[in-house]
Amino acid sequence: MIKVVHFIHGLNMGGAETLVKNYALLLDRARFQVTVLCYEHCGSPYEDVLRQNNIDVIYVCDEMPLYTKQGIIAKMVNHYQRYWLIRRELRKLKPDIVHFHLRLSNYIRFAGLDRNVRLFYTQHYDTSFWEKDYPDDIKNLKWLMKRYQVQPIALNKAMKASMDRILQTDQTRILNNGVDMSEFQKALDRNAKRNELNVPQDAFVIAHVGRFDPIKNHEFLVKVFQQIKQKKPEAFLLMVGRGETEEKVRNQLEGAGLAGSYRILHDRTDVAEILRACDAAVFPSFSEGLPLSLIEMQAAGLHCIASTGVQKDACISNRLSFLSLEQSADVWADTLLEMAASKNSIQYDGLEEWDIRYNVKQLEKMYEESMKENAGQE
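Residues numbered from 1 in each chain as written. Predicted model: local features only at pLDDT ≥ 70, side-chain atom pairs only at ≥ 80, totals over all residues. Heavy atoms only, no water.

A. Spotlight on the environment of H303. Mapped onto the elements, H303 comes out in strand β12 (residues 303–307). H303 sits in the buried class, given a relative accessible area of 8%. Between the C-alpha atom of H303 and that of L337, which follows or precedes it by 34 residues, the distance is 9.1 Å. Excluding residues that lie within four positions of it along the chain, H303 makes contacts with D279, A280, A281, R319, L336, M339, A340, S342 and N344. A polar contact is formed between the side chain of H303 and the backbone oxygen of M339, at a distance of 3.4 Å. (Helix = DSSP H or I, 4+ residues; strand = E, 2+ residues; numbered from the N terminus. Buried < 20%, exposed > 50% of the residue type's maximum accessible area, 1.4 Å probe, protein only. Contact = heavy atoms within 4.5 Å. Polar contact = N/O pair within 3.5 Å; in protein donor to acceptor, adjacent residues only side chain to side chain.)

Dropping the structure here:
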């Protein structure tokens, strides 16, 4: 039995967190003992899902008396206590493999793990931002690579090339962030789903899935929707996510007179069904690694437009087009409406490679290979 710890800040419903949840649920329990280590509670449905499936999840914040307190002293105490608690838990668990996600290399370095522990690191977002804004994370990762067997994982070829350059290695491997394709093949009563979501039956529903964050460019999304609404009065905007810019986006929509033409949904576990109840999707992010939500949109058969800030590897169907953000919202609207009006049947290219079960089998193989290499070195 190989003991694996997936380490992430918490279990909100972003792409990295969804992947950790899926790994924990789908890794073969006959071969892998999986624990998820977090330092904060996010109050998302994922926490319940893992508990209901008897996955061990440790939240170190549960042992931090000042975790919910405000002020400079609480912040300082929490900062240092978090490091020590994570170090303690990792040492107590005695894992064979620690797979960490997002910018947590500082905690792994501080933990001082046994040199035989194998480390896996998945890069989840655009490396240009990583290199520019988080040099300390890169420095810590390089430090770990000199002392441990570390397997860097990229989401696509371009990210691999960039990570190899940044980390001065040629060992980065590519592993898609998969989605559960079976969810897109289940029977669905589209009208009933729209009723459940309080979406008009005859609406032309445009979807967006992603956290409310400046990088997701909701401001432009609203402008595109305004143009679509002018050309197609039955248009309706359905957004799934939460975050810091949500109130700003609401105000923008309300100010544009679109109060009855949109809905925002939080923390949903039925995204596949939601997307299948929609007609099209707009994805205008300034930059993305490789967004799972865009893969899901295509799996749902939607006509999609994404910005050129999204990696081209995200295109797995003939229903996705890329447009520059320098193009006007009017051009985006016209392009999407033309695509949606076409009668072309959907065609996929490599869809099976994005099935989470396929990806989990690849990851299991990586884990087992690393342990064999470990045994050989001993």
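B. View of the pairing of strand β1 (residues 2–7). Among the six residues in β1, five count as buried, and that is most of the element. In this structure, β1 lies alongside strand β2 (residues 32–38), joined through six bridges in parallel fashion. Bridge assignment links I2 to a residue of β2, and that residue is F32. Across four bridges, the pairing between β1 and strand β4 (residues 97–101) is parallel. In the sheet register, V4 faces β4, and the bridge partner there is I97. (Pairing = 2+ DSSP bridges.)

C. Molecular detail of the layout of surface pockets. Empty space within the second largest pocket amounts to approximately 320 Å³. Lining the second largest pocket are 16 residues, and of these N176, D313, G350, E353 and W354 lie nearest its centre. The class makeup of the residues in the lining of the second largest pocket is eight nonpolar, four polar and four charged. (1 Å grid on protein atoms, 1.4 Å probe; cavity = no way out; pocket = protein on both sides within 12 Å on 5 of 7 lines; lining within 4 Å. Points joined across faces, edges and corners; volume = space filled by probe spheres on them. Nonpolar A, V, L, I, M, F, W, Y, C, P; charged D, E, K, R; others polar.)

D. Structural context of unusual backbone geometry. The phi dihedral of N54 is positive, around 60 degrees, even though this residue is not glycine. With respect to the helices and strands, N54 occurs in the loop between α2 (45–52) and β3 (56–59). On the accessibility criterion, N54 (64% relative accessible area) is exposed. Not every positive phi belongs to a glycine, and N198 is a case in point at roughly 60 degrees. By the secondary structure assignment, N198 is in the loop between α8 (190–197) and β8 (204–209).

E. Inspection of the sheet that holds β3 at higher detail. Across the sheet, which stays open at both edges, the seven strands sit in the order β3-β2-β1-β4-β5-β6-β7 with parallel pairing between neighbours. What marks the edges here is a single partner per strand, and that holds for β3 and β7 (173–174). Bridge count for β4 against strand β5 (residues 118–122) is five bridges, and the pairing is parallel. Residue pairing across strands places V98 opposite L119, the latter belonging to β5. Along the sheet, helix α7 (residues 157–167) contacts β5, β6 (150–154) and β7; its crossing angle with β6, the most-contacted strand, is approximately 140 degrees. (Axes fitted to C-alpha atoms, helices over the stretch in contact; angles between N-to-C directions.)

F. Examining the sheet that holds strand β11 (residues 280–283) more closely. The strand order across the open sheet formed by six strands is β10-β9-β8-β11-β12-β13, and the pairing between neighbours is parallel. Only two strands of the sheet have a single partner each, and these edge strands are β10 (262–265) and β13 (320–323). Within this sheet the neighbouring strands show an average axis-to-axis angle of 20 degrees, counted without direction. The pairing of β12 with β13 spans four bridges and is classified as parallel. By the bridge assignment, I305 is partnered in β13 with S321. Helix-sheet contacts for helix α13 (residues 329–341) involve β8, β11, β12 and β13, and the interaxial angle to β12 is about 150 degrees.

G. Examining α2 more closely. Residues of α2 that are buried: Y46, E47 and L50. Buried residues of α2 fall within an arc of 105 degrees about the axis and therefore sit on the same side. Exposed and facing more than 90 degrees away from the buried side of α2 are R51 and Q52. Against the buried residues of α2 lie α1 (15–26), β2 and β3. N54 sits one or two positions beyond α2 and adopts a positive phi of about 60 degrees. (Arc of directions from axis to C-beta.)

H. Structural detail: the pattern of salt bridges. By the definition in use, this model includes 28 salt bridges. Among the ionic pairs, D267 bridges to R242, the shortest N-O distance being 3.1 Å. Here D267, found in the loop between β10 and α11 (271–276), pairs with R242, found in the loop between β9 (235–240) and α10 (246–255); they are 25 residues apart in sequence, far enough to count as distant. Exposure remark for D267: the relative accessible area of 24% places this residue in the partly exposed category. A single network of salt bridges, built from pairs that share partners, joins K193, E196, R268, D270 and E273. (Salt bridge = Lys/Arg side-chain N within 4 Å of Asp/Glu carboxyl O.)

I. Spatial organisation of a nonpolar patch on the surface. Together, I72, I73 and V77 make up a nonpolar patch on the protein surface, roughly 320 Å² of accessible area in all. As for its placement among the helices and strands, I72 is situated in helix α3 (residues 72–93). When its relative accessible area of 68% is taken as the criterion, I72 is described as exposed. (Patch = residues over 30% accessible without salt bridge, like charges linked within 9 Å, V, L, I, M, F, W, Y side chains within 5 Å. Areas by Shrake-Rupley, 256 points an atom, 1.4 Å probe, with all protein chains shown as cover.)

Read these as geometric descriptors, not functional statements.
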